[in-house]
Amino acid sequence: MRKTLIIIIAMAAAIVAVAIYFFYDPSQPGTWFPRCTFLTLTGYKCAGCGSQRAIHALLHGDVTSALHYNAALLVALPLVAAYGIAEWKREAWPRFYLAINRPWVLISILVGIIAWWIGRNIVDI
Amino acid sequence: MNENIQYWINQDGVQAGPVTREQLKDMAVTDAAYVWRAGMEDWCRITEMPELAGLYSTAPADEAQQPQAEAPAQAQTDDEVVTGTPVIPPIPQQPAARVQPQMQPQPQMAAQQVTEQPKCPPTNLVWAILSTILCCLPLGVVAIVYSTKVTQKYQQGDLAAAEHYSEVSAWWCIGSIIGGIVLSPFVSLIQMAMMQ
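On a predicted model such as this, the values are computed, not experimentally measured, just so you know.

1. Concerning the overall build of chain A
Piece 1. A tally of regular secondary structure across chain A gives 7 helices and 0 strands.
Piece 2. Along its sequence from the N terminus, chain A presents helices and strands in the succession α-α-α-α-α-α-α.
Piece 3. When each of the 125 residues of chain A is scored for burial, the buried share is 28%.
Piece 4. Within chain A, residue pairs in contact and separated by at least 24 positions form 36% of the contacts whose partners lie at least 6 positions apart.

Rendered as structure tokens:
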């Protein structure tokens, strides 16, 4: 019951967000889109910097720009989809769930995100 | 050795569990028993679990054979045919071979037999990744760290710790999402102030 409610709220929020990011371009100067908190406070990019612009570009089919804004987002989206499906279909496909939740898989994701976070500030991507 | 690990015991076709190592010591478990704990693919013989060494009795050969020989026959009476040869005293390998199909069921079968056999608690990785990529805060990374601990502990058989870390990672996700939403208006204000 509580799970269903969370899923409904999350889906509604996702639909609203998709509509906003489709019609408004966060890369335009003077928009009211919040800049990254981490970047504003520390001056360093976070792992998610550029996600808003990347989502806008993706919704308009511009994969090249999306890659340029935040390449990690393009990797993260299929991952999130895979984990979401694995959780949803856990009863039907228990082996798939176990396979992608192995400790070494999760540790790889963790290392990947930390490497991306640090690396993009060094080479400025 | 972690004392929180819970084991399921199957001896002579009778299943018991969950039990801890301490409780296992008080049970009259012989080396003919099968064991399963969270993180194991399938049941295995108690003798193949180094962590349980010394917690079962090693029955003398002739005594051990008798209950073993009777157990499968008894269990199979409601099945269609008794496939074994109960008249001939079984050689030591034989009971194990006959018991195995019964003792090592498919995963679904195992779940039916022991309804309380626990699943790995959620790793919350969907929310952990999303909150890292979208909330601009390092809190999501902490959530992923705890997500990795969930499956690690589950594979070690420590369910209590796995559930604990699952909850901790969920709270870090929630903290990251709320923090991201609450902080962004303030950040916008700082931005505007800096522009002027």
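2. Section: the sheet that holds strand 3 (residues 34-37) of chain B
Residue and element names in this part refer to chain B.
Piece 1. With respect to topology, 4 strands assemble into an open sheet ordered 2-1-3-4, the strand pairing being antiparallel. Every other strand in the sheet has two partners, leaving strand 2 (14-19) and strand 4 (44-45) as the edge strands with one partner each.
Piece 2. Sheet topology places strand 3 next to strand 4; 2 bridges connect them, and they run antiparallel. Within strand 4, the position partnered with Tyr-34 by the bridge is Arg-45.

3. Observations concerning the pairing of strand 3 of chain B
The two faces of the sheet receive side chains in turn, since in a regular strand these alternate between them.
Residue and element names in this part refer to chain B.
Piece 1. What you see with strand 3 is no split at all: Tyr-34 and Trp-36 on one side and Val-35 and Arg-37 on the other are buried throughout.
Piece 2. Taken together, the 4 bridges between strand 1 (residues 7-11) and strand 3 define a ladder with antiparallel strand orientation. Note on strand 3: the bridge partner recorded for Tyr-7 is Arg-37.
Piece 3. In this antiparallel pair of consecutive strands, strand 3 and strand 4, the connection spans 6 residues, and Gly-39 shows a positive phi of 100°.

4. Focus on the nonpolar core
Piece 1. Judged by nonpolar contacts, the single largest core of 48 residues is most densely connected at Cys-46, Ala-47 and Ala-54 of chain A together with Ala-128, Ile-129, Ile-133 and Ala-143 of chain B.
Piece 2. Secondary structure elements with two or more residues in this core: helix 3 (51-59), helix 4 (63-69), helix 5 (71-88) and helix 7 (103-123) of chain A together with helix 5 (125-134), helix 6 (139-155) and helix 7 (159-195) of chain B.
Piece 3. The residues touching Ala-54 of chain A, leaving out its near neighbours within four places in the chain, are Ala-66, Tyr-69, Asn-70 and Leu-73 of chain A.
Piece 4. In this structure, Trp-8, Val-35, Ile-46 and Leu-52 of chain B belong to the second largest nonpolar core, which totals 15 residues.

5. Quick notes on the confidence of the model for chain B
All names here are of chain B.
Piece 1. Overall, the prediction assigns chain B a mean pLDDT of 73, with 69% of residues at 70 or greater.
Piece 2. Across chain B, the element-wise mean pLDDT spans from 42 in helix 3 (residues 93-103) up to 91 in helix 6.
Piece 3. In the model, residues 63-115 has pLDDT below 50 throughout and makes 41 contacts with residues more than four positions away in sequence or in other chains.

6. Regarding the pairing of strand 2 of chain B
Residue and element names in this part refer to chain B.
Piece 1. Both strand 1 and strand 2 contribute to a ladder of 4 bridges, which runs antiparallel. Following the sheet pairing, Gln-11 is matched in strand 2 by Val-14.
Piece 2. Following strand 1, the chain reverses through 2 residues before pairing antiparallel with strand 2; Asp-12 in that reversal takes a positive phi of roughly 50°.

7. Considering the interface of chain B and chain A
Piece 1. On the side of chain A, 29 residues touch chain B, which itself brings 29 residues to the contact.
Piece 2. Secondary-structure elements contributing two or more residues to the side of chain B that touches chain A are helix 5, helix 6 and helix 7 of chain B.
Piece 3. Considering every element that reaches the side of chain B that touches chain A, the biggest residue donor is helix 6 of chain B, with 8 residues.
Piece 4. Taken together, the residues of the side of chain B that touches chain A sort by class into 18 nonpolar, 11 polar and no charged.

8. Remarks on unusual backbone geometry
Residue and element names in this part refer to chain B.
Piece 1. One non-glycine residue, Asn-124, lies in positive phi territory at about 60°.
Piece 2. Looking at the secondary structure, you find Asn-124 in the loop between helix 4 (107-113) and helix 5.
Piece 3. Assessed through the 26 C-beta atoms surrounding it within 10 Å, Asn-124 is described here as buried.
Piece 4. In the Ramachandran plot, Cys-136 falls in the positive-phi region, its phi being about 60° despite a non-glycine side chain.
Piece 5. Turning to its location among the elements, Cys-136 is positioned in the loop between helix 5 and helix 6.
Piece 6. The class of Cys-136 is buried, set by 30 C-beta atoms lying within 10 Å.

9. A closer look at the confidence of the model for chain A
The predicted coordinates of low-pLDDT regions are not to be read in fine detail.
Piece 1. Taken residue by residue, chain A gives an average pLDDT of 89. The fraction at 70 or more is 98%.
Piece 2. Per-element confidence in chain A ranges from a low mean pLDDT of 86 for helix 2 (residues 37-42) of chain A to a high of 93 for helix 7 of chain A.

Rules behind the numbers
- Residues numbered from 1 in each chain as written.
- Chains lettered and ligands numbered in written order.
- Predicted model: local features only at pLDDT ≥ 70, side-chain atom pairs only at ≥ 80, totals over all residues.
- Helix = DSSP H or I, 4+ residues; strand = E, 2+ residues; numbered from the N terminus.
- Buried ≥ 20, exposed ≤ 12 C-beta atoms within 10 Å, placed from the backbone.
- Contact = placed C-beta atoms within 7 Å.
- Pairing = 2+ DSSP bridges.
- Core = buried A, V, L, I, M, F, W, Y, C linked by C-beta atoms within 7 Å.
- pLDDT = per-residue confidence, 0-100.
- Nonpolar A, V, L, I, M, F, W, Y, C, P; charged D, E, K, R; others polar.

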